[in-house]
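# A structural walkthrough
Residue strings, one per chain:
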Amino acid sequence: MKKKSLATLWLDGCSGCHMSLIDIDDRIVQLSESFDILYSPLVDVKEFPEHVDVTLLEGAVSTDEDLEMVKKIRRQTGMLISFGDCAVTGNVPAMRNKFELEQVLNRGYIEMSPDNEIIPDQYVPKLLDKAYPVHHIVHVDLFLQGCPPSADLIFDALSEIAAGRTPVLSGRTRFG
Amino acid sequence: MSASVKIKTLTIDDRHVGARENQTILEVARENGIEIPSLCYIDGLSAHGGCRLCLVEVTGIPQLLPACMTVVEERMEVSTQSERLRKLRKNILELYFSERNHVCSVCVSNGNCELQDMAGETGMDHVHFPYLYPDLGVDITHERFAMDDNRCIMCTRCVRVCDEIEGAHTLDIKDRGIETRIITDLDQNWGDSETCTLCGKCVHVCPTGALFEKGKSVGEMSKRRQFLPYLALMREEKR
Amino acid sequence: MTPEEFKKIGDAHRKKRKDFPNNINVCTAAGCVSLHSEKVKEALEGEVKKQEKHKTCRVSGTGCLGPCASGPLVSINDGQALYAGVTTDDVPEIVNNIDKNPVKRLVVPPDTPFFAHQKRVALEHCGKTDPESLNDYLAMDGYQALYDTLTTMSPLEVIEVMVNSGLRGRGGGGYPAGLKWSTVEKAVGEKKYVVCNADEGDPGAFMDRSMLESDPHSVLEGMAVAAYAVGASQGYVYIRGEYPLAIKRLRNAIRQAEKSNLLGKHICETPFSFDVDIRLGAGAFVCGEETALIASIEGHRGIPRPRPPYPAEYGLWGCPTLINNVETFANVTPIIRNGADFFAGIGTEKSKGTKVFALAGSIKNTGLIEVPMGISLREIVYDIGGGIIEGRKFKAVQTGGPSGGCIPEEYLDMPVDYESLAKAGSIMGSGGMIVMDETSCMVDVAKYFMDFCRTESCGKCVPCRVGTAQMHNILTNISRGQASMHELQLLEELCDVLKHTSLCGLGQTAANPVLSTIRFFRDEYIAHITHKTCPAGVCTIEPEKETVS
Ligand SMILES: Cc1cc2nc3c(=O)[nH]c(=O)nc-3n(C[C@H](O)[C@H](O)[C@H](O)COP(=O)(O)O)c2cc1C
Ligand code: SF4
Ligand code: SF4
Ligand code: SF4
């Protein structure tokens, strides 16, 4: 069977889901028979490829850069997977959402760091008014729940996709 | 109970079942191992009819009926799992999650939560409605328990158990619509309540992480509710 | 009271009225009172004395005369002339001309289409009697219907008349009144109750208020007849606290009726006893829903519960309870007095009789109207209402308030009856009718009603509690030009969820204003969403939000 191309990345997330991905251990060898990892924090490629078959996207969409990125990924991806709770629900990054953006920035840059007096407006991405779950911005094809999703779940889901099937995950995951 | 109890026969999901008159569809279904989802209903307390998850279809009736409050009738044909019901239930659950701030990964009830379970059971794997992110607080003034409005789904189990079983009526509801909140006494701090008997029943009937024992951390709060049907039965017999 | 006494009082009072060849009736219902009709009345009384006509001319207060917006209204010599917009400056001339030609500049021509197309049944006494006088009511054959039913008819016969009349509940649902009465009659219970629903929470509706302010005795009499028919001994009028004048007049009427043995123990010396008490609501719209209303009377939080069981079987304190709307009860005595056929002869096949509407919006004549069922919307808007103001273009008629919809031009010739209105995506409702012209934005209208539902939702069930808030947010985004077509789709999806899963009528119908505006005015939604403009120029379009695409 022809190998599928895979990309993985994180936006506003803690990289925990990627840790869980690595936790599939030696089964990664098995997966590498079905997938070419074209783009990932785990490989050294700077630009998101023109086209990938499957993207595992960890994290919420929180900044203007995230926003551009997620749109680009959607354009250049066949099957987009929300990878983990931050991508699926907003989760921890979205805990700031009940506050005004200004309050959040103040808290982060001024109140919490006594030596700092300004909120930077250069060199760091601009925060959006809220942190969004990925599917509130672009269409998502599959939701891999968990904080983080278990290694088994990730492996099984990818194996199913490799075999050309849509993974059925209900009963194996816990929402939120 | 009166001397002669009439028996009704009906079908639930094409299964023939017998029921005592005055039994509700939900009771009969559960007796027969047919699971109808619900969040506000709990054995031992009066039915509330507010969570809308136990809505079922009954042949010949255009509206959906809440199984927890609909009394069986002879030859009733009940359907609990149609495609339409499944879709509506998913939507209702999504509305629950969109309403307040449910962050399971940092919640005391993560893994022991009926709302979370319900999402799993109905296959709801994402919320496609916008989240409302209300600005809500936590009342930690009580010596043993805490109330987190962010996780409350307004099922009123706590209000009912406090009133119907404990008899304290410490808890009640204030305001309307999206602004409704559970309050203690006259909207005072729980810690200042003079009516609360510290019995903890509310904490244990609460389906979510809204009511919990202090000192519990993420995922540590599991609820024990076996006492409820027993207490309810005892009260019934005393009457 | 015996028939002789009835007759005696009636005759005496009629004679007394005849002793005054001239009379002046000043509207003292809330509409005119808010335009200071009380001052006009005082001035008239003073002026009559001053011109020494007080032996021949009687000045009294009366109920609603109809074209409320042109108040204060004054009726001369039992309707010989109707004056509109009367001020204290006009008073000397009015009194001076009382037995001569009417004062031309004040006169509302009697053949104006506003009146010509109306038919008064429920409002038969409004504007003809003094709402604070029992004698006035008796002089109009008041309480005769009650007396006759108590002395000559069996409860089942009364119900039969009601069934044959075809009267349907006027509170919004249109459930056949006779059938409901019959169910309550059959229901078994230690005690039974009759409840008059005067909560009237639809924004802009004031039919029930006007009826209670103008003719409280006819509602009480209707309730008593109903109580006799279903076997109830206690009645309640559940009325919103924001209606002080109606409450005052109702209280007064109850006291008068009790004194004259028309309410209370052994009414008219028959075995039938019936008491009526008033319960005040605090203005929650949902408390008009019958099960919430019951909870509220019982002293609980006013929230609905699922039906069945219906109140007819399991109502106040678990007892069989008949709940009808004010207007439903106001129709009872005319039906009893004139027979079922009289009533069934008016209206359409499935919608009998008349309907009272509070006509408002962009038309020349606004006010309280009563029309035969089956009249076309066009007649109401253009004949009774006098057409659209300032030569603008008609856009839609809104009926049924937050539970109803907006009916566009192409349905204007449709007859006004329960079924046709439902087919057009609206409902009859309790009688609010708002006419809108091209300067109204349909998205804005939908948003307004959704805001109403959102704040009035009782919060018991999640689809309504959260759904209305979600829908209001989406409508706000659309009106600001900040929404996408995807959100329109979400909106329609939410409409479906609310309709099918909400517990009570509030949530089940909250989507109607949205659904009907999307159905008939989809282009206006699209204009806001894709072209970022509000065609009516109502909504303020804001810069695109940076975040969501
Ligand atoms: C949210 C809601 C509000 C209502 N408000 C009123 C009201 O203000 N007045 C009224 O008569 N009926 C109201 N109703 C209808 C009542 O529930 C009930 O059907 C009615 O009073 C029955 O009287 P009828 O058969 O004479 O119409 C309301 C219903 C709902 C669902
Ligand atoms: S209450 Fe339940 S659903 Fe809500 S955050 Fe806690 S675990 Fe999650
Ligand atoms: S606190 Fe818990 S039991 Fe009480 S209403 Fe909220 S979710 Fe239900
Ligand atoms: S539909 Fe709305 S008003 Fe009716 S019970 Fe539900 S929340 Fe309350």
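Residues numbered from 1 in each chain as written. Chains lettered and ligands numbered in written order. Predicted model: local features only at pLDDT ≥ 70, side-chain atom pairs only at ≥ 80, totals over all residues. Heavy atoms only, no water.

## Focus: the overall build of chain A
Helix and strand content of chain A: six helices and seven strands. Counted from the first residue to the last, chain A has its helices and strands arranged as β-α-α-β-β-β-α-β-α-α-β-β-α. In summary, chain A has a C-alpha radius of gyration of 17 Å against a globular reference of 16 Å for 176 residues, a match within 12%. Over its C-alpha atoms, taken along the principal directions, chain A stretches across nearly 55 × 35 × 30 Å. Looking at chain A as a whole, 48% of its 176 residues qualify as buried. Approximately 9000 Å² of chain A is accessible, and the part contributed by carbon and sulfur atoms is 53%. (Helix = DSSP H or I, 4+ residues; strand = E, 2+ residues; numbered from the N terminus. Rg over C-alpha atoms; globule rule 2.2 N^0.38 Å. Buried < 20%, exposed > 50% of the residue type's maximum accessible area, 1.4 Å probe, protein only. Areas by Shrake-Rupley, 256 points an atom, 1.4 Å probe, with all protein chains shown as cover.)

## Some words on the sheet that holds strand S7 (residues 145-148) of chain B
Within a sheet, neighbouring strands are paired by backbone hydrogen bonds and run either parallel or antiparallel to one another. Residues and elements named next belong to chain B. Across the sheet, three strands lie side by side as S6-S7-S10; this open sheet has antiparallel pairing. Across the chains shown, the open sheet's two edge strands, defined by having one partner strand only, are strand S6 (138-139) and strand S10 (211-213). Bridging between S7 and S10 involves three bridges; their strand directions are antiparallel. Opposite Phe 145, over in S10, you have Glu 213 as the bridge partner. (Pairing = 2+ DSSP bridges.)

## Here we look at the domain arrangement of chain C
All names here are of chain C. What the domain assignment reports for chain C is domain 1 (3-110), domain 2 (141-344), domain 3 (354-437) and domain 4 (442-529). If you average the C-alpha positions of domain 2 and of domain 4, the two centres end up 34 Å apart. Taken together, the contacts link 13 residues of domain 2 with nine residues of domain 4. When domain 2 packs against domain 4, the two sides together hide about 870 Å² of surface, and 76% of this comes from carbon and sulfur. (Domains from an automatic or database assignment. Contact = heavy atoms within 4.5 Å. Buried area = accessible area lost by both parts, 1.4 Å probe.)

## Some points on the confidence of the model for chain C
Averaged over every residue, the pLDDT of chain C is 94; residues scoring 70 or more account for 99%. Overall fold confidence for the complex sits at a pTM of 0.94, while the interface term, ipTM, reaches 0.95. (pLDDT = per-residue confidence, 0-100.)

## Some points on the interface of chain B and chain C
The partner chain C presents 28 residues to the 30 residues of chain B that form the contact. Of all residues in chain B, B:Arg52, B:Leu95 and B:Arg176 bury the most surface against chain C, accounting for 23% of the area lost on that side. Linking chain B with chain C are two salt bridges, by the criterion used here. Its salt-bridge partner being C:Glu456, residue B:Arg176 comes within 3.4 Å of it at the nearest N-O pair. Taken together, the connections running from chain B to chain C amount to twelve residue pairs in polar contact (both at pLDDT 80 or more). Listing elements by their share of the side of chain B that touches chain C, those giving two or more residues are helix H2 (83-99) and strand S8 (171-174) of chain B. Considering each element in turn, the side of chain B that touches chain C owes the most residues, eight residues, to H2(B). A class-by-class count of the residues in the side of chain B that touches chain C yields 16 nonpolar, eight polar and six charged. (Salt bridge = Lys/Arg side-chain N within 4 Å of Asp/Glu carboxyl O. Polar contact = N/O pair within 3.5 Å; in protein donor to acceptor, adjacent residues only side chain to side chain. Nonpolar A, V, L, I, M, F, W, Y, C, P; charged D, E, K, R; others polar.)

## Points about the pattern of salt bridges
All names here are of chain B. For the structure on display, the rule yields 46 salt bridges over all chains. Put simply, Arg 20 and Glu 31 hold a salt bridge, and the shortest N to O gap is 3.5 Å. Of the two residues, Arg 20 is situated in strand S2 (residues 15-20) and Glu 31 in helix H1 (residues 25-31); the sequence distance between them amounts to eleven residues.

## Some points on the side chain of C:Ser502
Topologically, C:Ser502 is positioned in the loop between helix H21 (485-501) and helix H22 (505-509). Accessibility expressed as a relative area gives 2% for C:Ser502, which makes it buried. For C:Ser502, the residues in contact, after removing those within four places along its chain, are B:Arg52, C:Cys461, C:Pro463, C:Cys464, C:Val497, C:Gly507 and C:Gln508.

## Section: the interface of chain A and chain B
Many authors give the size of an interface as the accessible area that is lost as the parts come together. In this assembly, 19 residues from chain A lie in contact with 23 residues from chain B. Here chain A and chain B share an interface that buries about 1700 Å² over both sides, 62% of which is from carbon and sulfur atoms. On the chain A side of the contact with chain B, A:Lys98, A:Arg174 and A:Phe175 bury the most area, a combined 40% of that side's loss. Broken down by secondary-structure element, the contributors of at least two residues to the side of chain A that touches chain B are helix H4 (85-89) and strand S6 (127-132) of chain A. Here the residues of the side of chain A that touches chain B are counted per class, giving nine nonpolar, seven polar and three charged.

## Regarding helix H3 (residues 64-76) of chain A
Residues and elements named next belong to chain A. Given a rise of 1.5 Å per residue, 13 residues ought to cover 18 Å, and the 19 Å separating the end C-alpha atoms of H3 matches this to within 8%. Restricting attention to buried positions, one finds in H3 the residues Asp 66, Leu 67, Met 69, Val 70, Ile 73, Arg 74 and Gln 76. Buried residues along H3 sit against strand S1 (4-10), strand S2 (35-39), strand S3 (52-58), strand S4 (61-63), strand S5 (77-83) and S6. (Expected span 1.5 Å × (residues − 1).)

## Quick word on the sheet that holds strand S10 (residues 354-361) of chain C
Residue and element names in this part refer to chain C. Pairing is mixed in the open sheet, where five strands are placed in the order S11-S10-S14-S12-S13. In the strand order of this sheet, the two ends are held by strand S11 (367-372) and strand S13 (405-408), each with one partner. Taking the axes of each pair of neighbouring strands and ignoring which way they run, one obtains an average angle of 30° across the sheet. Of the pairings in the sheet, the one linking strand S12 (residues 394-399) to S13 comprises four bridges and is antiparallel in character. Bridge pairing in S13 links Thr 399 to Gly 405. (Axes fitted to C-alpha atoms, helices over the stretch in contact; angles between N-to-C directions.)

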